Amino acid sequence: MEYNFAEIEPKWQKYWEENKTFKTFDDYSKPKYYILDMFPYPSGAGLHVGHPEGYTATDILSRYKRMKGFNVLHPIGYDAFGLPAEQYAMQTGTHPAITTQKNCDNFRRQIKAIGLSYDWDREINTTDPKYFKWTQWIFKQLYNTWYDNDMKKGRPISELPIPEEVKAEGAEAVNKYMGEKRLAYYDNAQVWWCDSCKTVCANEEVLTDGAHEKCGHQVTRKNLKQWLLRIPHYGERLLEGLDDLDWPAGVKDMQRNWIGKSSGAEVDFEIDGLGKKLRVYTTRPDTLFGATYMVIAPEHDLINEIVTADKKETVANYIKASALKSDLDRTDLAKEKTGVFTGRFAINPVNKQQIPIWVADYVLMGYGTGAIMAVPAHDTRDFEFAKEFEIPVICILDPKEVEKRKEILAGNICWTEDGEYINSASTETGFDINGLNKSEGIKKTVEWLESKEIGKATINFKLRDWLFSRQRYWGEPFPVIHWEDGEVTLVEDDDLPLPLPNLEQYTPGESGESPLSNAEDWLIVTDKNGRKGRRETNTMPQWAGSCWYYLRYIDPNNTESIFDVKKEQYWMPVDLYVGGAEHAVLHLLYSRFWHKVLFDLGIVSTGEPFQKLFNQGMILAFAYETATGAKVASDLVVEKDGKYSHAETGEELKQIVAKMSKSLKNVVNPDDVINKFGADSLRLYEMFMGPLDERKPWAENGVKGVFNFLGRAYRFFSEPENIVEGSEDKEVAKLLHQTIKKVEFDIEHLKFNTGISALMVFNNLVIKKGKVTKETAEIFAQILAPFAPHVGEELWSVYGNDKTLSYEPWPLVDESLLQENTFEYPVSFNGKMRFLLELPIEMQKNEVEKAVLADERAQRWLEGKTVRKFILVPKRIINVVIG
RNA sequence: GCGGGCGUGGCGGAAUUGGUAGACGUGCUAGACUUAGGAUCUAGUGCCUUAUGGCGUGGGGGUUCGAGUCCCUUCGCCCGUACCA
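Residues numbered from 1 in each chain as written. Chains lettered and ligands numbered in written order. Predicted model: local features only at pLDDT ≥ 70, side-chain atom pairs only at ≥ 80, totals over all residues. Heavy atoms only, no water.

Turning to the pairing of strand 5 (residues 145-148), a few remarks are in order. Going residue by residue along strand 5, you find Thr145 and Tyr147 tucked away on one face and Trp146 and Asp148 tucked away on the opposite face as well. Pairing analysis gives four bridges linking strand 5 to strand 6 (residues 153-156), with the strands arranged antiparallel. Considered in strand 6, the bridge of Asp148 is made with Lys153. Where strand 5 folds back onto strand 6 in an antiparallel hairpin, the turn is made up of four residues, including Lys152, whose phi is positive at roughly 55°. (Buried < 20%, exposed > 50% of the residue type's maximum accessible area, 1.4 Å probe, protein only. Helix = DSSP H or I, 4+ residues; strand = E, 2+ residues; numbered from the N terminus. Pairing = 2+ DSSP bridges.)

This part is about unusual backbone geometry. With an omega dihedral of 0°, the bond running from Leu496 to Pro497 counts as a cis peptide bond. In this structure, Pro497 sits in the loop between strand 21 (488-490) and helix 16 (520-523). The residue after Met572, namely Pro573, is reached through a cis peptide bond having omega 0°. Even without being a glycine, Glu390 presents a positive backbone phi close to 55°. Along the chain, Glu390 falls in the loop between helix 13 (380-389) and strand 16 (397-398). Under the relative-accessibility criterion, Glu390 is labelled exposed at 74%.

Under the domain assignment used here, chain A contains domain 1 (1-30 + 668-818), domain 2 (36-144 + 182-259 + 461-618), domain 3 (262-459), domain 4 (619-658) and domain 5 (820-882). Look at where the C-alpha atoms of domain 2 and domain 4 centre, and you get two points 41 Å apart. (Domains from an automatic or database assignment.)

To continue, consider the pattern of salt bridges. Tallied over the full model, the rule gives 55 salt bridges. Residues joined in a network through salt bridges with shared partners are Asp26, Asp119, Arg122, Asp555 and Lys567. (Salt bridge = Lys/Arg side-chain N within 4 Å of Asp/Glu carboxyl O.)

What follows concerns the sheet that holds strand 21. Strand order in the open sheet made by the four strands is 21-20-23-22, with antiparallel pairing throughout. Both edges of this open sheet fall to strand 21 and strand 22 (524-526), since each of them pairs with a single strand only. Each neighbouring strand pair of the sheet contributes to a mean axis angle of 35°, computed without reference to strand direction. As judged from the three bridges shared by strand 20 (residues 480-483) and strand 21, these two strands associate in the antiparallel manner. The residue bridging Val480 from the neighbouring strand is Leu490, located in strand 21. (Axes fitted to C-alpha atoms, helices over the stretch in contact; angles between N-to-C directions.)

Quick look at the structure:
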């Protein structure tokens, strides 16, 4: 029978839908497997071929695990809050909910057309009030939690010990104190503002060149009242938690980097003639003797006191210049260090020497104390600065056996590695670390500083408070009311969800006010005592909904609580999470943070949400460029004899690999692929292209290749004449069981490309043989089904089975068929393979040697040579060393 | 700079983790069947050579009976990050 995918595929998709084949039940008697895709943002453009890559991979694994007897949770939903729908609303007046609904419908249609085995009864949508009710509820939990540093966990704010002196000041002071401890807080924040999007953005959303990640416009600084989350409190926990996760090393490293833990010390320097102290943070307290100047950030609090009268103007000018600079392109200017002397000196606590205090913008106010001691001899940044301004460089760490030791000792080269201290003793203070190495030096110095109460060991994180509000309409409203008397209260649980009001106008206010400030009826509230209040007009960022969606899939329709406790305990953690590497830091770090807070509060049962993470590689496309590197749109390219040329100019073009883009006209739409080759071919090709985690270019010829395979397989296995009675051909039976084993191994290890290849090899053999038994044919249908489920189901039904094969037990490998008595050895002479020789596996080495040397094909290599050594690796190779 | 990854036929990629390099697919060549085919089937296909043979996994060196795989060195590409003291 011809392979008519256009008939087969809709038929089975309808069957699965009508029979709810993939509905998941909470059957606690079965082992569970929770396999999660990063849910999509439903854009108006629909699915691109990148989406089905991850989705097909998880679908294959899900189908396989079901056949292996697992209770599989494999859900999908939509991360549907976001800017595009809101911008469309501004232009057309269409409510974002309508646009969103339309886009979700389209995504659902496309996803279903791929034959993915999701449980559609668990579909979620972050914009659904039934969903964001619980997003708001989690926000309340964050607000009502503080981090107990001693217990190293988050605790209810009601358990926060209030110091007596605060209590004594009254209720307002107590509230303020609690506010300083809550994980969510409302405060004036210096924020990045995108004037194009009319919203603030998180630090993480600003690219290094100062452009907004979403739209590319330059961002500026603005001071606004904002909601922030104290994620740095969980820095240590987020760091530790990474150790036991089965995640790509690169992602773990990126998170570690982002958290940026460093340990060092805070040290107080007397400021000469001011009677005040300048506190610095350093990871190298051991190099105090090498400090030849200090630097404070331009934004430092003490700057006006420190600067002397004669330097006031210079310093003021510098501060002004650097303020401008940080808003423009800081990175370009970062190449040359700038700074000015403040006119004042600090006293080095280890030797009482005076060192000048400079102000320079290479020191950032947001990290450590915003002030540093500079040790040019042993820090490359300080070294560059010192060279620029001719500040002395004093080497205090002898590198010993190093080529350029003399230069280093003379202070001409910076040395940041270990060594032995020199010039590191003072008669003035009696402190001495000469002769020690780096780790000893750090330890001794910190002890000395602590004993003198001029410094203490300190841990620092790069991670900053997370800016958690946006001046948007299309996001979760905060369940918060600001009362006219200054009190802030949260909406009662019973009154959640707090829905979005309907608006006429979606345009945000110029001053950084969200469009919600126009919704008078919604905005103004009055309590039972007549007190007036105003609802929070900011909304939550898009991250909010995606921070916890994996939890809602567990119990998506629960109206009483966020989810059922038992169900959560059964399903969590997510066993495999597949998605793009672009979420390596933000989404995955935020999610882990929320999860840990929920864990501390006893709401979830696992310390981490995602046990195993896998990043699929990006799908690229071929593109064409001229000799000068100018890109040519694909519809202007003609191919002839493997060469490419420009359709109009005839100029020869080079084929390159690039991201799919509209301008290059090389975007592949999955709908088109399905129309032309069918969903099974789309799935198979996505997986056959190469390793799942690598980036790889789309090639239509490749789709044709897998389509040919499916056609050949379908035509052969659906032909009754090819399916015979009796016992299976030995060669076929053996390869069949090798194939089951290989496919099983490859699915478990997400190596789908080689698994498919094994199926092709088997298919090629049986076609050559011309016939198979029904048993073999059924097994083939079963092991093909996870990859190409429509063909799998169709063949299965052809053999007289009347229900889905989705829950048929995965075929068992008959190991006895794989046993070998002989092995066809490649025989090498001096490492070069010369011929094959079949020998019994059990044969002793000396017997093997005899047999090999006696073989007539061996004679020509042995002629005039002696055998020096005979290597036999059982079931692998024979190597004869001659000479 | 730093961190992570990669480099194998014309192309996408295999290689059981130190054991026959190039599985599988595509492309190409030849043939069969066809009114025709961008359908289907068969055979061949890393490079050089007349076969025997020689050379081949970015380059150079090393360890080993044996290296795509391990070590040293060097070149190139991709991703992330960026004065975090």
